[in-house]
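Fold and contact review
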Amino acid sequence: MARLVDRRMGVFLAALFVLTVALPVASSAAAGELVPAYLVSLVGKYLCYALLAVALDLGWGFCGILSLGHGAFFALGGYAMGMYLMRQIGPRGVYGDPVLPDFMVFLNWQELPWFWLGFDRFWFAALMVMAVPGLLAFVFGWFAFRSRVSGVYLSIITQAMTYALMLAFFRNEMGFGGNNGLTDFKDILGLDLTAASTRTGLFVASAVALAAGLLVARWITASRLGRVLVAIRDAEERARFLGYRVEHYKLFVFTVSAVMAGVAGALYVPQVGIINPGEFSPANSIEIVIWVALGGRGTLVGAALGAMLVALAKTLLTGWLPELWLFALGGLFVLVTLWLPRGVLGALEDGLAQLRPARTGAREEVRA
Amino acid sequence: MSGSLLYLSGVGKSFDGFRAIDNLSLVVFPGELRAVIGPNGAGKTTMMDIITGKTRPDEGEVFWKESVDLTRADEVETARLGIGRKFQKPSVIESLTVAENLELALKGPRGVAARLFGRRGETEAREIARLLALVRLEEARDAPAGSLSHGQKQWLEIGMLLAQDPELLLVDEPAAGMTDAETMRTAELLREIAGRHAVVVVEHDMEFVRALGCKVTVLHQGRVLAEGSLEHVSANPEVIEVYLGR
Amino acid sequence: MKIVLALPLRPFPAALLTALVLMLPALMLPSAGRAAGFEELVARLPEGSYSDRAEVIEAIARTGDPRAAEVLGALLEGSLHVRKADGRVVIIEKTDAGTVAFDALTGEALGAVAGRSTEKIKVNNRLRGMLRSAIGALSLMSPDRETRLMAAQSVFASGDPANIEALDAALSAESDREVATALAEARAVAILNTDAPVEEKRAAVAILRARGDAAAQAALAPHASDPAIGNEVTAALAEIERVRQMWGVAQNVWYGLSLGSVLMLAAIGLAITFGVMGVINMAHGELVMLGAYTTFAVQEAIRGAAPWLFDWSLLIAAPLAVLVAGGVGIAIERGIVRHLYGRPLETLLATWGVSLILQQAVRTIFGPNNREVGNPSWMSGSLEIGQMTVTWSRLWILIFALCVFAALLLVLRRSFFGLQMRAVTQNRPMAAEMGIDTGRIDALTFGLGAGIAGLAGVALSQIDNVSPNLGQSYIVDSFMVVVFGGAGNLWGAFAGAFGLGIVNKFLEPWTGAVLGKILVLVFIILFIQKRPRGLFALRGRAVEA
């Protein structure tokens, strides 16, 4: 069995640790605000994307499940957290209703819908952050995998799933704030969301979640189960004839991946201050795939790096030349699929391998 | 039939009007070595699909050890019952090493949790070493299966079948793409295996079938045309007509 | 007249008689007498309370004067004013040059008027209703067929028994069948509102029952509790409800067919690239968008250079759209897709990238907002079939979609290119062996799918907003059609598109548009579990290949 923390993972985790300590310190008043304070939340957001990318890579890179609907799990986790944050507003809303969020007062609702009950407690919301995406993935996957829907067909119906959810969440009647979604959050666990300390706390939490997500994913893929996943990815039929219940394995990975995406969404929402149905849009979900493809499918660490790279590029480009962003993103899709089939990390390793041809045992090689 | 390992009777299967299998009957006893020959489209692969639960027959009976109805089982269930299958095209997990491929096939728990928390034990390591020796792949132990030659992949797949320790091996054209020496070595290997396991070999190569030296079943248009020793079926005028005579 | 006629019988002095005659109008004023002429009545319109005005309006209507309809119409629209200076009743008209007045009786132009020099003659809701019915009755005899039809309809809506005489007169003079039916129906409504004999009312109910639409229902409903004809009315209402439901179903089928034709246009190109070639082209929606923008560009050029060609704009745009979208399609195939055969997931990602680039390119060139694409005259307006409305644009699109489908079938089945294409998809090495340039066939096949997307864009520009996001709104739906119908089969796309279109439109009235769409998506997601390869999938050994 392979080591849980290999060199690649070790380097990444160490760098993540340094970032997690350095950024809040550098942005603090004590250090004379070497970097602007908003950077903390911005990088925190990137870390959430990275976790989302790791979640997708777990399914796609190791089990061949290309989900074009992972944005849905992310958004559901985000909505669960958003509902908690809405309930925390309490009577401080514009309409001052002690229980009902503003949008419900605006829609003339008299009482809280049943599915909003319990979200005033953090532990319950935290549970839902994982349970709702997990349950959706489980039910959806159970249907899909049992019927052996796979490959492109699976991708298309996961896209239809997130599209249907988007349409649903746009409706006011759904009770999730319609178009505008959930916003105007005040505090989390009694801490002011605008305070630097809270933002730092969320940033650190995101870093910890990313590290944990990477380790969990690595633990799964490096276990004996990981071999079965690779077998399913590369030769599904063979795995089945060896007596492996392929659909159970896929379901397991898909569900774990969805839970991870939900956690990423939950950490994302308090840092950006809003969640709306746009997060369900199919375009968002496909963007996740390019993060993973750019970083290197089936490398976990590469997926996380790819997410952060693309997110950084998006921030910079949409700031400077908003017109160019979609050209750049579109070009990236084309370039990566044509010339970097194993992603940046894969290309780097190939380069290194050519320098040192004696090395053997590249076990996680991914066929394009 | 009493004491049979595998029993097919009156099996039929059509695809969009094409009769792939028509009133096929076949009996295999434990430990038996059997060769199935027949021209292209004779229904050999469909027969294997039906036995392994990949395809449901339209009619007829398929029984395992006289008690288990295989028409109700799927691939996973038949694999777990003890039927191993080697595909015509070698099907190994190319990005895993040879040893990992064998480990994946080893008899043992197949559940998600068991695989997630399980460790490779001493006995398993010994078993893998034994299989590596048997299929002559000790040297390639840690090489990715994708880097093996065609013949080596065939052997690795046979090794994987043996790792499953099935009671019945279905082997589809094992000699395809092999050198003569490799072909003879494969026939030898299959003869060794037979006895402990029943083996059904589908093959085109007459030299190979001769080397197996076993009972032969000739399929034609989804039906059994003749059955017996190679000499016996070779003398059958119908067989000569449809198959050997061409 | 009686009074005047009686007067000479009395031995009154001539002077007194003269005085009396002169005073006559004044004497009759409070009762708005029958004898007053049209001019006088109009002159009296500004005076008195609303109820006085009501009597005057009735009286005007009764004169049957040919000018009455115009004056009452002006009153209804609020353009009948009284000039403050001399109390003259005028019709004012707002023009670019300012407000001008015309004499209400003679039509003499009185020149521009200042805003405050005239005062509007006011009407309330009761008067408005009365005016409509009165105008209706007056227009019943109009020489213009359309006017008579409109009038009959407005009289129908008022149901005023006062119009019965006018209707009878109009009916006896009417020669047009449709107008006569409308008049008879209007008369039936009016009859129900009188205390006419039961027999006559029954006949009226029968007439309305035969009409069988919502208006007839509304006219009948108040009489359902009438002891004399209640049973007939209830039966008629039930019958009308049944007829209406039938028409409702027909209308829904039509909407469904229309949506289906749009879906099919959007999906059929995809059925070729995805179904026949196994290539996932996520930029397909953007190729549709390019077709729509080509139409826009063609229309812009025509507006500038040759406006008289406008009705031909779509016919000019169609081949250009095929060239533009097909050309871009071939470029995509040669530049990208060709390198990714056998790797469907990578193809999906790369073409998605292309779709982003195309979207942004169009946004940069044409701007992010909706662009206006006009309907040629033969595509605007609508057609009434019974109780169902069929817009010409949607009807033409349906016909167009069917033609494209038929043409495509023909190309695939009968042409040499179609033969080569099938050869390449079924056995590439063999086809290459036989001297077919497989690369060229791949490019042309992809170009064909893309060109059809361009055609779809021309059609969609007629009924949807032309914006850079046009393609995005169709891509999920088109994939659903192909997945539902079964890849690799044009008939599958056909059945999938029309099936989903009709199901969608039948769900909508119950669930609303958005929920209906969600339900359809959920249905497909469940359906694909049962038949992972769609409705018309190839079965058996072919699938494993």
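Residues numbered from 1 in each chain as written. Chains lettered and ligands numbered in written order. Predicted model: local features only at pLDDT ≥ 70, side-chain atom pairs only at ≥ 80, totals over all residues. Heavy atoms only, no water.

Here we look at the interface of chain C and chain A
Counting residues at the interface gives 40 residues for chain C, matched by 38 residues for chain A. Summing both sides of the interface, chain C and chain A together bury roughly 3,700 Å²; the carbon and sulfur share of this comes to 79%. When residues of chain C are sorted by the area they lose upon contact with chain A, C:Leu345, C:Leu349 and C:Gln529 head the list and together hold 17% of the total. Counting the contacts that link chain C with chain A gives zero salt bridges. Elements represented by at least two residues in the side of chain C that touches chain A include exactly α15 (344-366), α20 (470-485) and α22 (513-530) of chain C. Counting residues per element, the side of chain C that touches chain A draws most heavily on α15(C), at 15 residues. Grouping the amino acids of the side of chain C that touches chain A by side-chain chemistry returns 28 nonpolar, eight polar and four charged. (Contact = heavy atoms within 4.5 Å. Buried area = accessible area lost by both parts, 1.4 Å probe. Salt bridge = Lys/Arg side-chain N within 4 Å of Asp/Glu carboxyl O. Helix = DSSP H or I, 4+ residues; strand = E, 2+ residues; numbered from the N terminus. Nonpolar A, V, L, I, M, F, W, Y, C, P; charged D, E, K, R; others polar.)

Some details on the UniProt feature "transmembrane region" (unreviewed entry) in chain A
Residues and elements named next belong to chain A. Under the UniProt annotation, the feature "transmembrane region" (unreviewed entry) is placed at residues 38-58, 65-86, 122-145, 152-170, 201-220, 249-268, 288-312 and 324-341. Secondary structure across residues 38-58 divides into 100% helix and 0% strand, with the first and last C-alpha atoms of the span separated by 31 Å. With 100% helix and 0% strand, residues 152-170 has end C-alpha atoms that lie 27 Å from one another. (UniProt positions renumbered as here; feature names shortened; annotations may be inferred.)

With respect to the sheet that holds strand β2 (residues 18-28) of chain B
Residue and element names in this part refer to chain B. The four strands lie next to each other as β2-β1-β4-β5, forming an open sheet whose pairing is antiparallel. The open sheet has two edge strands with one neighbour each: β2 and β5 (68-69). Against the sheet, helix α1 (residues 44-51) touches β1 (6-15), β2 and β4 (59-64), its axis set at about 115° to β1. (Pairing = 2+ DSSP bridges. Axes fitted to C-alpha atoms, helices over the stretch in contact; angles between N-to-C directions.)

Focus on the sheet that holds strand β1 (residues 80-83) of chain C
All names here are of chain C. Ordered in space as β4-β3-β2-β1-β5, the five strands form an open sheet in which the pairing is antiparallel. Each edge of the sheet is formed by a strand with only one pairing partner; in this case those strands are β4 (109-112) and β5 (118-120). Here the strands of the sheet are splayed against their neighbours by 35° on average, with no regard to which way each runs. Here three bridges tie strand β3 (residues 98-103) to β4, and the two strands are oriented antiparallel to one another. Opposite Ala-101, over in β4, you have Gly-111 as the bridge partner.

Some remarks on the packing of helix α11 (residues 282-295) of chain A against helix α12 (residues 301-320) of chain A
Residue and element names in this part refer to chain A. Between α11 and α12, the shortest axis-to-axis distance is 7 Å and the interhelical angle comes to 120°. In terms of orientation, α11 and α12 fall into the oblique class. In this structure, α11 meets α12 at a crossing whose hand is right-handed. Facing Glu-287, Trp-291, Val-292, Leu-294 and Gly-295 of α11, the residues of α12 in contact are Gly-302, Ala-303, Gly-306, Ala-307, Leu-309, Val-310 and Lys-314. Here the contact of α11 with α12 is built from residues that sort into seven nonpolar, three polar and two charged. (Parallel < 35°, antiparallel > 145°, perpendicular 65-115°, else oblique. Left-handed = near helix turned anticlockwise from the far one by under 90°.)

Considerations on the packing of helix α5 (residues 68-77) of chain C against helix α6 (residues 125-139) of chain C
Residue and element names in this part refer to chain C. In the contact formed by α5 and α6, the axes pass within 9 Å of each other and the chain directions differ by 155°. In terms of orientation, α5 lies roughly antiparallel with respect to α6. The handedness of the crossing between α5 and α6 comes out as left-handed. Residues Ala-68, Ala-69, Leu-72, Gly-73, Leu-75 and Leu-76 of α5 form the contact with α6, whose own contacting residues are Arg-128, Leu-131, Arg-132, Ala-134, Ile-135 and Leu-138. The residue makeup of the contact of α5 with α6, split by class, is nine nonpolar, one polar and two charged.

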